[in-house]
Structure formats: structure tokens, C-alpha cells
Amino acid sequence: MRKTLIVLIGVLFSGLCVEAQTKLSTHWEELTAEDFRDAIHQSGGTCLLPFGILEKHGPHLPLGTDLLNVRYAALQAVEQEYAVVFPEYYFGQIFEARHEPGTIAYSTHLQLELLQETTDEMARNGCKKVIIVNGHGGNENLLPFFAQTQLEKPRDYVVYVFAITESPAGGPPKKSTGVDWHAGESETSKTLVSHPELVHQDRAKAESGADLGRLKLPESLYTGIWWYARFPNHYSGDGSVATRERGEFEMKAWVDSIVKAIRAVKADEESLKLQNEFFEKAKHPLETRP
Ligand SMILES: [Zn+2]
């Protein structure tokens, strides 16, 4: 009896070890070429491209806050719903922070070309469903534009953009009342979860994150200097009141919404079908009839 038990434990244990060895990494760069094949198969060709930036985040958060947080959320999400996550990507739109130290702002054409070549290369490697998970407010116009340009010419893959989500309702009450967009309570709270060791909360009051409202224009008018006009310190809100409890609540909501998006994308058979139909019709528009 005892011997059987020992054998049984032994079998179970070795089973666990094998499982630990064969569990595929979710990180593109950690997979071997052979495992990459299995990973693409296991993910149903669904890959995530978490998109960050390098820019000032108030006086108290690291330059890579958006990159660090979006990768944290994406990597948590794929633990629940498997997908392959592309390595660090931070080549987005951030001209409005070029007056601050540490900002890396690539030219417009390079941003678009690099992103196109990146998704093309991901697709060539089997990622037929690419979800760009945006972590940076300055990309919110760039990414839908990029997704729209995917109709320029035929492609055998679909680009989905997962936009930045608003702070969820409920949870531990927020302490700040005004705007809370950049390095404020919400973002600082989330960073207290993803990378607490990089948050210098004691410095959060060293600068003002108040809205200066220096442009008096109707809301329907957009101009590129609007952000600088309102938040010249590249700080919007108050990070000093952030808490880990609030961060845990917000981060969980973010992760849950990414999981939902991955599941919806995996189930989506229509987008590529419609894309193909559209490209076919676009070759001979005079024959297109309702
Ligand atoms: Zn940010």
C-alpha cells in the first residue's frame, strides 16, 4: 500500500514537472523556434502588441510608465487567455512632450512604417489576429488611423486596436476630483501595483498637475498644442493621493477587459472574411452592386 502511494506520488510529481517544462511562455522572445510554432497554434494565431511610450510622467513616475503598465496588464491577461505577446514596443506619437527630458519621439512616417512592418512581420509568422493594446494617451488618434489604413491594400490578417479604458466605476473611492489623466491618482495607483519600486510618491506634489486651460476655443476645434496649453508640466491630476488598493481595483478591471477582448478576437471569424470580400470588390468597383 505504502509503496503504491510512493509510486503514485512519484508519477504525479513527474507529471507536474513535465507540465511545468511544457507550459509555453507567453513572451515572444522567450520561446524557442520550435515552441513558437506550438505557441501560435495554441493562441489560434492571436498575438498582442502592447504599445507604450517613453515620456515624462509627472515628477514621481518613471519615463516608461505607459510601457511598464500596459505590459503588466497584457501579461496578466494572457495568463487567463493564452496569446503570444510581442516584445517591448514604444515607437508612438509623443511630440507634445519633446520639451521634457527623456522623451523619445520618432518621426511620423517612421511611426507608421515601423508599426506596419511590425504587424506585417507578426502576421507572416502566423499572427493573423494582432491586437494592439494601447497604453499611451498620445496614441489614441494614431492607432485608429493605423487600423483604418489596413484597408489600403489586401492583407491576410486583421489589426484590432484595444483603446485605453476609462477608470472603472466603484472600488475604493477616488480622492482626487479634477482631471486625472497623466501621472495622476489613477495611473500612479496602477503603477503602485505593477512597479511599486519605481514610484516616488513623496515627489508627487513637487509640481502642479492642474489644468491651466490656456486656450479658449470651442470643443469642436482641435489643435495639436492643446495638451501643452493645459498641462505644460506633462502632469495631469494628483499622484500624491494614489493608493495600492485603488490600483489593484483598476488594474484588475483593465486585465479583465483585455481578457474579454482576446476571447472576442479569437471567436471573430467575420472580420477577415469581410476584409477579403471588400478587397476583392475593390479590384473592380464598377461591378459592385448592392
Ligand atoms: Zn501614462
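Parameters and conventions
Residues numbered from 1 in each chain as written. Predicted model: local features only at pLDDT ≥ 70, side-chain atom pairs only at ≥ 80, totals over all residues. Heavy atoms only, no water. Pairing = 2+ DSSP bridges. Helix = DSSP H or I, 4+ residues; strand = E, 2+ residues; numbered from the N terminus. Axes fitted to C-alpha atoms, helices over the stretch in contact; angles between N-to-C directions. Parallel < 35°, antiparallel > 145°, perpendicular 65-115°, else oblique. Left-handed = near helix turned anticlockwise from the far one by under 90°. Contact = heavy atoms within 4.5 Å. Nonpolar A, V, L, I, M, F, W, Y, C, P; charged D, E, K, R; others polar. Phe/Tyr/Trp six-rings, centres within 6.5 Å; stacked < 30°, edge-to-face > 60°. Buried < 20%, exposed > 50% of the residue type's maximum accessible area, 1.4 Å probe, protein only. Lys NZ or Arg CZ within 6 Å of the ring centre and 35° of its normal.

Engineer: Can you help me understand the sheet that holds strand β1 (residues 46-51) in this one?
Structural biologist: Pairing between the strands of a sheet comes from backbone hydrogen bonds, and it takes one of two forms, parallel or antiparallel. If you trace the four strands from one edge of the open sheet to the other, you get β2-β1-β3-β4, paired in parallel fashion. Edge strands, defined here as strands with exactly one partner in the open sheet, are β2 (84-85) and β4 (158-162). Inspection of the sheet shows β1 paired to strand β3 (residues 129-134) by six bridges, in the parallel sense. For C47, the partnering residue across the bridge sits in β3 and is V130.

Engineer: Even after reading the chapter, I still don't get the packing of helix α3 (residues 65-80) against helix α8 (residues 244-267), so can you show me in this structure?
Structural biologist: α8 packs onto α3 with a crossing angle of 55 degrees between their chain directions and a minimal axis gap of 8 Å. Between α3 and α8, the angle is such that the two are oblique. The handedness of the crossing between α3 and α8 is right-handed. Between α3, through N69, V70, Y72, A73, A74, Q76, A77, V78 and Q80, and α8, the contact on the second element is made entirely by M251, W254, V255, D256, I258, V259, I262 and R263. Broken down by class, the residue content of the contact of α3 with α8 amounts to 12 nonpolar, three polar and two charged.

Engineer: Would you explain the packing of aromatic side chains in this entry?
Structural biologist: Each aromatic ring pair is specified by the distance between its two centres and by the angle formed by the two planes. Applying the stated rule across the entire model yields 12 aromatic pairs. Ring plane angle 75 degrees and centroid distance 6.4 Å describe the contact between W181 and W226, whose orientation is recorded as edge-to-face. Within this pair, whereas W181 is found in the loop between β4 and α6 (185-194), its partner W226 is found in helix α7 (residues 226-230), the two being separated by 45 residues in sequence. Using a relative accessible area of 47% as the deciding quantity, one classes W181 as partly exposed. Arranged with centres 5.8 Å apart and planes meeting at 75 degrees, the rings of W181 and F231 form a pair that is edge-to-face. Remark: F231 occurs in the loop between α7 and α8 and W181 occurs in the loop between β4 and α6; sequence separation between them is 50 residues. Three or more aromatic residues joined by ring pairs make a cluster, and in this case those are F51, Y89, Y90, F91 and Y106. Here K190 stacks its cationic end above the ring of W254, 5.3 Å away from the centre of that ring.

Read these as geometric descriptors, not functional statements.
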